[in-house]
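Listed here are the chains, written in short residue letters.
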2 protein chains.
Amino acid sequence: MPNWIYPNFEFRPKRPLFLCIISNTDTGKIPGLSAAGTTPELTDYTPGADAELVETNRIITMPELPEAPGGSPTPAIVTKAALNLTGVPSLFAASGLRKKPAVPYVELGGSAGNDIRKESAVPDARAIYENAANLGKKLARLSDCVFIGESIAGGTTTALAVLKALGYDANVSSSFATNPTGLKTQVVEEAMKRAGVRNGSLKSDPIRAVTELGDPMMPAALGLMRGLAGTKVMLAGGTQMAAVLALGKALGIEGDISIVTTKYIIEDKTASFREIVESVGRPYYYSDPGLENSKIPPVQIYAQGYVKEGVGMGGAALLAAIYGVEQRSLVEETDHVLLTVELPKK
Amino acid sequence: MPNWIYPNFEFRPKRPLFLCIISNTDTGKIPGLSAAGTTPELTDYTPGADAELVETNRIITMPELPEAPGGSPTPAIVTKAALNLTGVPSLFAASGLRKKPAVPYVELGGSAGNDIRKESAVPDARAIYENAANLGKKLARLSDCVFIGESIAGGTTTALAVLKALGYDANVSSSFATNPTGLKTQVVEEAMKRAGVRNGSLKSDPIRAVTELGDPMMPAALGLMRGLAGTKVMLAGGTQMAAVLALGKALGIEGDISIVTTKYIIEDKTASFREIVESVGRPYYYSDPGLENSKIPPVQIYAQGYVKEGVGMGGAALLAAIYGVEQRSLVEETDHVLLTVELPKK
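Residues numbered from 1 in each chain as written. Chains lettered and ligands numbered in written order. Predicted model: local features only at pLDDT ≥ 70, side-chain atom pairs only at ≥ 80, totals over all residues.

A. Structural context of the overall build of chain A. Scanning chain A for helices and strands turns up 13 helices and eight strands. Referenced to the eigenvectors of the C-alpha coordinate spread, the extents of chain A come out at roughly 50 × 45 × 35 Å. Here chain A, with 346 residues, has 62% of them falling under the buried criterion. (Helix = DSSP H or I, 4+ residues; strand = E, 2+ residues; numbered from the N terminus. Buried ≥ 20, exposed ≤ 12 C-beta atoms within 10 Å, placed from the backbone.)

In structure tokens:
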């Protein structure tokens, strides 16, 4: 048994699928809130570029590799490495995505999410949810285990807002090493005031929580979860996916649903990943990608809490482990992906 | 063994997938050429509306049900009926599609095809081909038998042009009961002259044949065929898919590839479906949907040669047959789909 995933993971999928939802929200453009893109404007392009990297090892529609202001590259490099080593097929699904990737993806519709301080966040949440459920039903006929990751800048803030609306006393993670918790809390408070929502006041109306305070990734993940009933579902992400888990519980979505993340999220003392997941009552798993052993400093610092999660990195690493990949091989392949990724000519 | 598919079809797929490529070409807007849409302008909306009908039994983005000028409804109703009765999952893939459906679909990119008389038909054929191959590789990990249908108005004319460029002495079918062969031949001759192509002059350059004279459905189908190597592929269509088969042979694409169509195509004396397929050397199958037994006159006349094929109707009917559905049940379900489809409020 690989010693870098926790706890033991017994299930051996026959036809796993790695699905990743790519979305935008203007909440992610509030200065200082997200590290997924060096400038707020570039955050629109980050999810599509993540898809391009995973599908082709090439960045096509963004001028540079998506990275955090500190210079850490997108976690898509770890996901790509894990998928390279396992041959597990990936599929990106756009939900409220402004800048589309130049690789195949499933379109689930919807507009980019609004700044939650200013207006309803996802007016078309219901339509996205139904579309995603439709897709999930199909995939349930083809795959016996679907991982669902996400790439959306600003998603931890909308996760915090939704968790509060559902009544969770939660904190969320950040792609920054130092979590801007004060700013996040302020944004969430402003948004709740704008929407007339109090702590827990939407616990029996989760779709309204998404519509008012969430982001377009959420109804897509929820719809997929509902449609995939009968197939094992592994939500792959940190506190954003924990919020989806909480929303799914509030919606009464049943099935074999777990969550998988990275050791970096588990170790994040500013976030309450475990508390949320335990209170929802779903199993959680995490992988230790061992990135301190990378030869590339901006990758090494992942292990110090930069970036932490994203593009389903923790789940993809778990997949690699259950396929028998050694932790060291994953690190080497991650470095290789980063050193060989093709960037647009300047 | 069902007595309404020919010849006997022994294979029993475990995880079949019904995929349908939806595309536009301005060649389809040449007046008198295509019956897929009551006016040339509406042909842009027909493929998306077909997807909406199959996915939700609702027409959302088009003002009316796609139908031929004679009033026959889109063959999507037969496909929908067959998928309802079998539970086989469907997936629509847009390639050069101008008007996108309001249901989930895979985006393969590309622009709508140009009028082949005036300019290169599919300048981005190579990129679509690569994107589709990427998608095909993933689907090969999930499904053991992929049906590939099409919905593109004007596609038989581009099929004729490509077949001539490859050196086939062919005729193609039509969605009209009376095939406008004279007009098609004239359009193809003009296009070949414009592109400097003679009969057979592109037989060793099939991608150029698509780029100059084809439509965006073709590189998508070819890429899928290439990517799906290892999985059984059933091209579901008439002379358009026969042209794809011929292009695939010219490209050296190998694998377990067959073609399946309707009895109405086989009986079309103005088209050379069998001759093309036999000269490519791939097996063909056909189903008899028995639509003369419909209670609805515009559906009954399918059996007199109106519409004939489209949206993979012949392949979907074959799927129904191998799932044990009776011909009569398919007809009843087809009528039911047509009577219950939800149209936009006027």
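Having seen it, we continue.
B. Layout of the relation of the copies chain A and chain B. Rotating chain A by 180° and translating it 0.0 Å along the rotation axis places it on chain B, where the RMSD comes to 0.0 Å. A rotation of that kind, with that shift, is consistent with a two-fold axis. Ranked by how close their C-alpha atoms come to the rotation axis, the residues of chain A are headed by A:Val106, at 2.0 Å. By residue overlap, the copies meet face to face through one surface: 100% of the interface positions of chain A are interface positions in chain B. (Least-squares fit on C-alpha atoms with pLDDT ≥ 70 in both. Contact = placed C-beta atoms within 7 Å.)

C. Fine view of the nonpolar core. Within the largest apolar cluster, 246 residues are counted, with the highest numbers of intra-cluster contacts made by A:Val162 and B:Val162. Among the elements that make up this core, the one with the highest residue count is helix H3 (residues 125–142) of chain A (nine residues). (Core = buried A, V, L, I, M, F, W, Y, C linked by C-beta atoms within 7 Å.)

D. Structural context of helix H7 (residues 217–227) of chain B. Burial within H7(B) is extensive, with eleven of its eleven residues counted as buried. Listing the buried residues of H7(B) in full gives B:Met217, B:Met218, B:Pro219, B:Ala220, B:Ala221, B:Leu222, B:Gly223, B:Leu224, B:Met225, B:Arg226 and B:Gly227.

E. Broad picture of the interface of chain A and chain B. On the side of chain B, 22 residues touch chain A, which itself brings 22 residues to the contact. Put simply, the parts of the chain that give the side of chain A that touches chain B at least two residues each are strand E3 (90–94), strand E4 (105–107) and H3 of chain A. Looking at the side of chain A that touches chain B, the element that brings in the most residues is H3(A), giving six residues. Classifying every residue of the side of chain A that touches chain B by side-chain character gives eleven nonpolar, five polar and six charged. For E4(A) and strand E4 (residues 105–107) of chain B, the ladder comprises three bridges, and the chain directions are antiparallel. The residue of E4(B) that forms the bridge with A:Glu107 is B:Tyr105. (Nonpolar A, V, L, I, M, F, W, Y, C, P; charged D, E, K, R; others polar. Pairing = 2+ DSSP bridges.)

F. Fine view of the packing of helix H2 (residues 76–86) of chain B against helix H13 (residues 327–340) of chain B. Residue and element names in this part refer to chain B. Taken N-terminus to C-terminus, the directions of H2 and H13 make an angle of 115°; their axes are 8 Å apart at the nearest point. The hand of the H2/H13 crossing is right-handed. Across from Ile-77, Val-78, Lys-80, Ala-81, Ala-82, Asn-84 and Leu-85 in H2, the residues of H13 making contact are Ser-329, Leu-330, Glu-333, Thr-334, Val-337 and Leu-338. (Axes fitted to C-alpha atoms, helices over the stretch in contact; angles between N-to-C directions. Left-handed = near helix turned anticlockwise from the far one by under 90°.)

G. Main features of the packing of helix H1 (residues 46–56) of chain B against H2(B). Residues and elements named next belong to chain B. Contact geometry for H1 and H2: axes closest at 9 Å, N-to-C directions at 25°. By the angle between their directions, the pair H1 and H2 is classed as roughly parallel. In this structure, H1 meets H2 at a crossing whose hand is right-handed. Between H1 and H2, the residues in contact are Asp-50, Leu-53 and Val-54 and Ala-76, Thr-79, Lys-80 and Leu-83, respectively. When grouped by side-chain class, the residues that make up the contact of H1 with H2 number four nonpolar, one polar and two charged. (Parallel < 35°, antiparallel > 145°, perpendicular 65-115°, else oblique.)

H. Just the environment of A:Gly223, in detail. Residues and elements named next belong to chain A. Inspection of the secondary structure puts Gly-223 in helix H7 (residues 217–227). A residue is classified by how many C-beta atoms lie within 10 Å of it, and Gly-223, with 28 of them, is buried. Distance in space between the C-alpha atoms of Gly-223 and Thr-261 is 21 Å, their sequence separation being 38 residues.

I. Fine view of the environment of B:Thr86. Residue and element names in this part refer to chain B. Relative to the elements of secondary structure, Thr-86 occurs in helix H2. Counting along the chain gives 56 residues from Thr-86 to Ile-30, while the straight-line C-alpha distance between them is 37 Å. When sequence neighbours within four positions are dropped, the list of residues in contact with Thr-86 reads Leu-319, Ala-320, Tyr-323 and Val-325.

J. Up close: unusual backbone geometry. Omega for the bond connecting A:Tyr6 with A:Pro7 falls within 30 degrees of zero, at -20°, which places this linkage in the cis form. Turning to its location among the elements, A:Pro7 is positioned in the loop between strand E1 (5–6) and strand E2 (16–22). Unlike most non-glycine residues, A:Asn57 shows phi in positive territory, near 60°. Mapped onto the elements, A:Asn57 comes out in the loop between helix H1 (46–56) and helix H2 (76–86). With 15 C-beta atoms counted inside 10 Å, the residue A:Asn57 sits in the partly exposed group. Phi is positive for B:Lys308, which is not a glycine, with a value near 75°. Structurally, the position occupied by B:Lys308 is in the loop between helix H11 (297–300) and helix H12 (313–322).

K. Representation of helix H12 (residues 313–322) of chain A in the model. Residues and elements named next belong to chain A. In terms of burial, H12 is largely enclosed, as nine of its ten residues are buried. Turning to H12, its buried residues number three or more, namely Met-313, Gly-314, Gly-315, Ala-316, Ala-317, Leu-318, Leu-319, Ala-320 and Ala-321. Residue Gly-324 follows H12 closely and has a positive phi angle near 90°.

L. Molecular detail of the pairing of E3(A). Residues and elements named next belong to chain A. Counting buried residues along E3, five of its five residues qualify, which places the element largely inside the surrounding structure. Here E2 pairs with E3 via five bridges, running parallel. Its bridge partner being in E3, Ile-21 is matched across the sheet by Ala-93. With two bridges joining them, E3 and E4 adopt parallel strand pairing. The residue bridging Ala-93 from the neighbouring strand is Val-106, located in E4.

Fair warning: the whole summary comes from geometry, so function is off the table for now.
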